[in-house]
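# Structural features, examined
One-letter residues, chain by chain:
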Amino acid sequence: MTRVRKKDDGADVRHVTWVGLGWNVVLTIAKFVGGFVGGSQALVADAIHSASDFVTDVAVIVGSHFWNSPPDAEHPYGHRRFETLITIAIGIAVCAVGVGLGYNAVLALLSGEGSHPEILAAVMAFLSIIVKEALFRYTRAAGRKIRSQALEANAWHHRSDAYSSIPVLIAVVAAIAFPQLWFADSVGALIVAFFILHSGYEIAWPGIHQVADRGACAEISEKLKKVALSHPQVMSIHGLRTRYVGSDLHIDLHIVVDAEMPLRLAHDTAEEVEQMLIDSGENVVDALVHVDPFDPAKANRVEIKTIDR
């Protein structure tokens, strides 16, 4: 028997992402203008990073319409895999931006081309750090509240932009204070590229694991076992299996009950265990519990035999 909790967080995801998108448009334009007028290659590179944030915001907004679609005949487990695929796409896009910016920075260093930033570039880099850190905190809090994998990934993209603006600020200030350091701005752009690459990896890698049907970690699995065993009619459990579909966790397991238990009571026990698992706080949306009668000959095969009540 199975019990499924319906979940539709699309409206919340889109609201939070629209806020980020608006600020990303403002920052992208402001940093492009500041980089060109202020003569900073590093700030222009940072503007491109903000532009990639804009693209991923659009991907999350569009994708949320797909992954919240209800299950159908072709997708009986729902469409939450779209969330994972979009998360991976965000990570790959971020990595691509990092590679491109790094390549341009290396070419500038090898050619000996220097830049001489002005104070406007430093001001824009500083403002970018403040705004992007605020967006990171806002988006991450919302992502954790509704347990949205894509929203948390987008939050870390905001954080990577905030971090990438720090070496930009340092490089611009150094280039202004010490004009002889012609390479400072290009080095700052190269550091930004490394930050972006690392951010893309951190975003995409967990999603790749989930596409391979990664299950819950040992800590969460142990918690779920204890939750099932806390039911007074459950003697032991075995065969616990978990897997993520997007940010949703699906579970199936076997519970062992008294062999003389009436069928109705065994059925009710299984349903109660299912609801306990869904209410465990681990984003369980689908729980399938199979009932086994206690058999002394098989008692040594169960994963957990007893629990202090």
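As the structure is a computational prediction, the values presented were derived from the model and not from experiment. (Residues numbered from 1 in each chain as written. Predicted model: local features only at pLDDT ≥ 70, side-chain atom pairs only at ≥ 80, totals over all residues. Heavy atoms only, no water.)

### A few points about unusual backbone geometry
Most peptide bonds adopt trans geometry, and most residues besides glycine take a negative phi value. A positive phi angle, near 60°, is found at Asn283, a position not held by glycine. Structurally, the position occupied by Asn283 is in the loop between helix H8 (263-278) and strand E4 (284-293). (Helix = DSSP H or I, 4+ residues; strand = E, 2+ residues; numbered from the N terminus.)

### A look at the packing of helix H7 (residues 218-229) against H8
H8 packs onto H7 with a crossing angle of 145° between their chain directions and a minimal axis gap of 9 Å. Handedness of the crossing formed by H7 with H8: right-handed. Touching Leu224, Val227 and Ala228 of H7 are Val273, Met276 and Leu277, all from H8. Looking at side-chain class alone, the contact of H7 with H8 contains six nonpolar, no polar and no charged residues. (Axes fitted to C-alpha atoms, helices over the stretch in contact; angles between N-to-C directions. Left-handed = near helix turned anticlockwise from the far one by under 90°. Contact = heavy atoms within 4.5 Å. Nonpolar A, V, L, I, M, F, W, Y, C, P; charged D, E, K, R; others polar.)

### Side note on the packing of helix H3 (residues 81-111) against helix H6 (residues 184-211)
Running from N to C, H3 and H6 cross one another at 160°; their axes reach a closest spacing of 7 Å. Comparing their axes, H6 and H3 come out roughly antiparallel. Judged by the twist between their axes, the crossing of H3 over H6 is left-handed. Residues of the contact of H3 with H6, tallied by class, amount to 24 nonpolar, 10 polar and one charged. (Parallel < 35°, antiparallel > 145°, perpendicular 65-115°, else oblique.)

### Points about the nonpolar core
Counting residues in hydrophobic clusters, the biggest one holds 27 residues, and the most contacted among them are Leu43, Ile90, Leu101, Leu151, Val168 and Ile196. Secondary structure elements with two or more residues in this core: helix H1 (10-38), helix H2 (41-67), H3, helix H4 (119-146), helix H5 (149-177) and H6. Dropping the residues within four chain positions of it, Leu43 is found in contact with Lys31, Gly34, Gly35, Ala121, Met124, Ala125 and Val168. Judged by nonpolar contacts, the second largest core, of 24 residues, contains Leu229, Ile237, Leu249 and Ile251. (Core = buried A, V, L, I, M, F, W, Y, C linked by side-chain atoms within 4.5 Å. Buried < 20%, exposed > 50% of the residue type's maximum accessible area, 1.4 Å probe, protein only.)

### Some thoughts on the side chain of His231
Mapping His231 onto the fold places it in the loop between H7 and strand E2 (236-245). Looking at His231, the relative accessible area reads 5%, which means it is buried. Here Gln233 takes part through its backbone nitrogen, which lies 3.0 Å from a polar atom of the side chain of His231. (Polar contact = N/O pair within 3.5 Å; in protein donor to acceptor, adjacent residues only side chain to side chain.)

### Examining the pairing of E4
In this sheet, E4 lies alongside strand E3 (residues 248-257) in parallel orientation, the contact comprising nine bridges. Within E4, the residue paired with Ile251 across the bridge is Ala287. What joins E3 to E4 is H8, and the crossover it makes is right-handed. (Pairing = 2+ DSSP bridges. Right-handed = clockwise from strand over helix to strand, strands pointing away.)

### Some points on a nonpolar patch on the surface
On the surface, a cluster of nonpolar side chains totalling about 1,000 Å² of accessible area is made up of Ile29, Val33, Phe36, Val37, Ile119, Leu120, Val123, Phe126, Leu127, Ile130 and Ile176. Going through the elements one at a time, H1 and H4 are the ones with two or more residues in the nonpolar patch. No other element matches H4, which puts six residues into the nonpolar patch. With respect to the helices, strands and loops of the structure, Phe36 is situated in helix H1. (Patch = residues over 30% accessible without salt bridge, like charges linked within 9 Å, V, L, I, M, F, W, Y side chains within 5 Å. Areas by Shrake-Rupley, 256 points an atom, 1.4 Å probe, with all protein chains shown as cover. Salt bridge = Lys/Arg side-chain N within 4 Å of Asp/Glu carboxyl O.)

### Let's talk about the packing of aromatic side chains
Applying the stated rule across the entire model yields two aromatic pairs. Aromatic side chains Phe32 and Phe36 sit 6.2 Å apart centroid to centroid with 10° between the ring planes, which places their arrangement in the stacked category. Taken together, the residues Phe32 and Phe36, both in helix H1 and four residues apart, mark about one turn of the helix. Its relative accessible area of 27% is what places Phe32 among the partly exposed residues. Residue Phe36 is classed as exposed on the basis of its relative accessible area of 62%. (Phe/Tyr/Trp six-rings, centres within 6.5 Å; stacked < 30°, edge-to-face > 60°.)

### A word on the pattern of salt bridges
Taken as a whole and assessed by the stated rule, the structure comprises five salt bridges. For Glu133, the salt bridge goes to Arg159, with nearest N and O atoms at 2.8 Å. Linking Glu133 in helix H4 with Arg159 in helix H5, this pair joins segments that are 26 residues apart in sequence. Taking the relative accessible area as the measure of exposure, Glu133 reaches 18% and is therefore buried. Salt-bridge contacts for Asp252 lead to Arg241; the nearest nitrogen and oxygen are separated by 3.1 Å. Of this pair, Asp252 sits in strand E3 while Arg241 is found in strand E2, placing the two residues 11 residues apart along the sequence.

### Notes on the confidence of the model for the protein
Confidence in the prediction of the protein, expressed as mean pLDDT, is 80, and 87% of residues score 70 or more. Across the protein, the element-wise mean pLDDT spans from 47 in strand E1 (residues 2-4) up to 93 in H8. Below pLDDT 50 for its whole length, residues 1-6 participates in 26 contacts with residues either more than four positions away or in separate chains. In the predicted structure, residues 302-309 sits below a pLDDT of 50 and forms 25 contacts with residues beyond four places in sequence or in another chain. (pLDDT = per-residue confidence, 0-100.)

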